[in-house]
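Below, each chain spelled out in residue letters.
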Amino acid sequence: MSDQDAARGGSAGPRGAYAIERSRIDDWVSTVLALGEVIAPMAGHGGDVLYAPVETPDQVLWEFDNSLHPPKEVLLPQTDPLFEIRGERSGWQVAAVRPREPRILLNARSCDASGIRFLRGVHEEDLRDSAYLRRDADLTVVSLSCPQPCSQGFCICCDAGPFLDDGFDVQLTDLGEVLLAEVGSAKGEALVRTSDGLFRPASEQELSRRRMLEAVAIDSFGESTCHFGSAMRRISTGRVVEALWDTMSDWCFECGACTLVCPTCYCFSIKDRQSGGGWQRCRMWDSCQYGAFTLEASGHNPRPHRKDRVKRRFYHKVSAQYYLRDGTVGCVGCGRCVTVCLGTTDMPAVVTAIRKGVWNG
Amino acid sequence: MRTVLTSCPFCGCGCGLYVHARDGIPSGVAASQHHPVSQGRLCARGWSAHAAAAWGPRLTRPMLRRDGELRGADWGEALDTAARGLARLRSSGRSIGVIASPRLTNEESYLAVRLARGALGTPHIDAPLRAEFALALAGIGEVSGVASSRGTLQDVEASDAILLVEGDLAASHPRAASAITRAVAAGAKLVCCGPAATQMSRLATLSFTWRPGAETDSLAPLIAGALAAGAGEPGAGQLAAGLDALRASLAAIAVGDQARAAARWLVEAARPSVVVAPFPAAPAAVRRVTVAVANLAALCGGLGRPGSALLVLPTRSNAQGSLDMGVTPEALPGGRPLDDGGLRDRLAAAWGTAVTADRGVDAADMVGQTSGLVIVGDALAGGVPPVGPAGEALSGSELVVVLDAFASPALDAADVVLPVAAAIESSGTVTGADGWLRRVRPGGDPPGEARGAWWVLAELGRRLGLGGGPDSPDQVLEEIANVVPGYRGVDRGALDTGWGVLLPAPPVDRAALQPLPAPASPSDDRIVMLDGVYDWGSDPLVDHAPILCRDERSRRKLFPRGQVAMAPGDAEALGVRQGWLVKLVSNHGEAVLPVVLRRELAPGRLSVPFAFRYMLADVLAGMPSASVRVERV
């Protein structure tokens, strides 16, 4: 059992599998709503999907294309108040800002559940980020497996979907009349157990149907793949032509969106915001793609040119050094960077360029 | 947490985004995957659209200047003081100007016009950057008969040949750059024209760099090439008037191989598109360029052909809507001429007062020259006054009323300060360059006592004798839909159920080709030019956004004495190296700046970032470029 799994109160891998009738799913969501804040995919404007707190079970989407905005926002908001600083008669008082109640992330796609697992590892590494980890410990992740790959997704290349073996508290799979609920942690167990009467142990037939759906999903991946292995070999053995970064960086517009929506990115800046009579110390999303992100106080910038920053992104996400540290590439194959990129320097495109040594726009 | 869909407040692309607010304070942005403009793609500015409102120095209560100091006041007192002062100026026949930010909603812009031409009886109403945008559109109108853009960024993205005329599109309009980049990646031919090499010109199939002052000379070979490739011949699509005169004006133009190839791509394309982004040029040149570009679009069949766009991108988000609402000294709402008596009567009936139909002065001329000045929104961030501290420039006015969300240098001269909602907290509509009317929804609550600018403008109007109301931005839109040409009968329901409403554009029946000016005589002058038309770094929405302001601020910090870029060969010839000082001497004056080397600059061209324009003010004397002598210091 790893530290991180222990922190979640359970062993790696499914602890048990249950089934719930589809007709009872709203009853279950009602039960979960009573336990804390439920964040689930909801319909936005004109076909958009957004993860947001729901108030009633009927707001929850069960069949949807994944939200362009990652649910990592639940743990790592774009503006993230960490603590309040107030002047009192007795001196300065510092108080942590915490979510008011336990939270449940419902229907996270496999890639996003994997992203949350990745971020947990990062925040446990070296200096433990207690603010993040406390919030993570207060969150129960209910993932929803993906019977069909999404159009830009390549989770299959990152071991982050379409179905998960671990890294979730509960993994739901839609079997038609029933939903299969695989429990991955004590927190997950609690979520299923508090709903007495709604769940029953899953049958062998249901488990075999889940395996069949997974096999079909895996077979359904088309062109959207990303061969990290050979790219990582080239990066880690210094076999990427330098001129490639020059060429590719002209196809990047420094929007930073690839990093902002990436389920595994966590770069931030800190700033104090005046609020009432004191301050609120906030962590804010930042991006290694922004020019002054690495600007040092001396005026020196180790990554002054766009090509340096584009290169840095891939040398982080797809290098053996970080693979050894994190146990995975810094990508869960959600394909969001393909959609949000103002240019064309998304993960699959750049990985292909690194492998082939040429850039085709 | 609250999440609303709204329109991006930065440039004129018209992207849609969701804004999150925690406790009423904007806290983040999410891209909208299905928004027809942005399609999930936002630039760095869009991703920080929430930030200035949350982090900027907000004005939270009305203020009045008493004994030389701005002091808090209540709304009634502040509005009464402003209205009394303005009424006094009006009754004593003194001039009053209204400068309205092109970031205001249509409703706010309309109310600003109602305040100026109605309540204050003054024709001096303008927005910064309006003149250049209006000139660019006027050039299009000269050829097509309709002074407006056509088509959308989606059309551009699906085009197979694109002509881009730009200063630096990747910096000014990243989302438009994205549309073009995707088209290029899909195989489209891109032809770039502008004063300098840019990121887009590096992606282009062919690019042409013009000499400032001789802009159309780089477009003339393309037009001549298009004619040579058979465009304009009977049977080659739209027949246009003026063909012979155009041909005659191009008789002496030599068409090189590159121009011939580029022209052929545009002529043979099934869906040719033209995108015009802001470029630094003298006002008359802006118009000459868009006339030339519209000629080319007409010859290629790109005017009015479905799927072919001709887009003029304004620098700021609602420049199009602001112009449509009549924020201009030279036209009535809807772009109608000032002598349109029918429209004036309709406006007068709606406003309950006569409508002034004189021609007013431009924003730049209002500053310091009008006795009273009403500044609505972040109008002074758009280059008014062009150089120098705003407070000083405004001090010539007797009464300065400022409606703003943020503390700004204008407060130094303000007599009345009325705190309003930031753009991201506003309600109403905006109009994109693509002619789409879209909703702006409040992504947060204005802090303290700040109110929507529409309410403040309505209250000022009421106190200056206009009738009651409006009571909401929707009521203003209802009035707009009744009286503003082009907005008549807008389906307000569709604004909420869909992504917006496409405003009807008059058809282009028959283009009137315009002859091109004679080529400029060759010149070996060294020319120094500004590299843009707008300083995003001093835009409050950038400057107050913690992540976004960093690049701009650090550049200023790194170059405290400014910089002038030149080609390495020029530096070599002068005997200067990176960081050394050079003196630039024009007919108007001189300036000393340190050199940075830029390989992409053509020999003899020097470029100074727009943000450092004030360091070059004496050399340029108000123009975007000047011939100079360069000396090593």
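Residues numbered from 1 in each chain as written. Chains lettered and ligands numbered in written order. Predicted model: local features only at pLDDT ≥ 70, side-chain atom pairs only at ≥ 80, totals over all residues. Heavy atoms only, no water.

What follows concerns the side chain of arginine 45 of chain B. Residue and element names in this part refer to chain B. Following the sequence through the fold, arginine 45 ends up in helix H1 (residues 44-47). No salt bridge is formed by the buried arginine 45. Its closest oppositely charged neighbour is glutamate 552, at 5.7 Å. Beyond its immediate chain neighbours, meaning those up to four positions away, arginine 45 contacts Phe10, Ala171, Ser172, His173, Pro174, Trp536, Val542 and Leu548. (Helix = DSSP H or I, 4+ residues; strand = E, 2+ residues; numbered from the N terminus. Buried < 20%, exposed > 50% of the residue type's maximum accessible area, 1.4 Å probe, protein only. Lys, Arg positive; Asp, Glu negative; His and termini not counted. Salt bridge = Lys/Arg side-chain N within 4 Å of Asp/Glu carboxyl O. Contact = heavy atoms within 4.5 Å.)

It is worth spelling out helix H8 (residues 174-185) of chain B at this point. All names here are of chain B. In this model H8 runs 16 Å from its N-terminal to its C-terminal C-alpha over 12 residues, within 8% of the 16 Å that 1.5 Å per residue would give. When you tally the buried positions in H8, you get 10 out of 12 residues, the bulk of the element. For H8, the set of buried residues is Pro174, Arg175, Ala176, Ala177, Ser178, Ala179, Ile180, Thr181, Ala183 and Val184. Remark: glycine 187 follows H8 within two positions and exhibits a positive phi of approximately 110 degrees. (Expected span 1.5 Å × (residues − 1).)

The next point concerns the sheet that holds strand S5 (residues 91-96) of chain A. Residues and elements named next belong to chain A. Pairing within the open sheet is antiparallel, and its 4 strands lie in the order S5-S4-S12-S11. Each edge of the open sheet is held by one strand with a lone partner, namely S5 and strand S11 (268-275). Across the sheet, the axes of successive neighbouring strands diverge by a mean angle of 25 degrees, strand direction being ignored. As judged from the 8 bridges shared by S11 and strand S12 (residues 278-285), these two strands associate in the antiparallel manner. Bridged to phenylalanine 268 within S12 is tryptophan 285. (Pairing = 2+ DSSP bridges. Axes fitted to C-alpha atoms, helices over the stretch in contact; angles between N-to-C directions.)

Moving on, we get to the domain arrangement of chain A. All names here are of chain A. One can read the domain layout of chain A as domain 1 (3-69 + 101-219) and domain 2 (228-273 + 287-356). Between the C-alpha centres of domain 1 and domain 2 the distance comes to 28 Å. With 21 residues of domain 1 in contact, the opposing surface of domain 2 contributes 22 residues. Linking domain 1 with domain 2 are 1 salt bridge. With a shortest N-O distance of 2.8 Å, aspartate 112 and arginine 336 are connected by a salt bridge. (Domains from an automatic or database assignment.)

Applying the stated criterion to the full structure yields 11 aromatic pairs over all chains. Ring centres 6.3 Å apart and planes at 25 degrees place the aromatic pair tryptophan 245 of chain A and phenylalanine 314 of chain A in the stacked group. Placement of tryptophan 245 of chain A in helix H8 (residues 242-249) and of phenylalanine 314 of chain A in helix H10 (residues 306-317) is noted, with a sequence separation of 69 residues between them. Classification of phenylalanine 314 of chain A as buried rests on a relative accessible area of 0%. Aromatic side chains tryptophan 75 of chain B and tryptophan 455 of chain B sit 5.2 Å apart centroid to centroid with 85 degrees between the ring planes, which places their arrangement in the edge-to-face category. One end of the pair, tryptophan 75 of chain B, is in helix H3 (residues 75-91); the other, tryptophan 455 of chain B, is in helix H18 (residues 453-463), and 380 residues separate them in sequence. (Phe/Tyr/Trp six-rings, centres within 6.5 Å; stacked < 30°, edge-to-face > 60°.)

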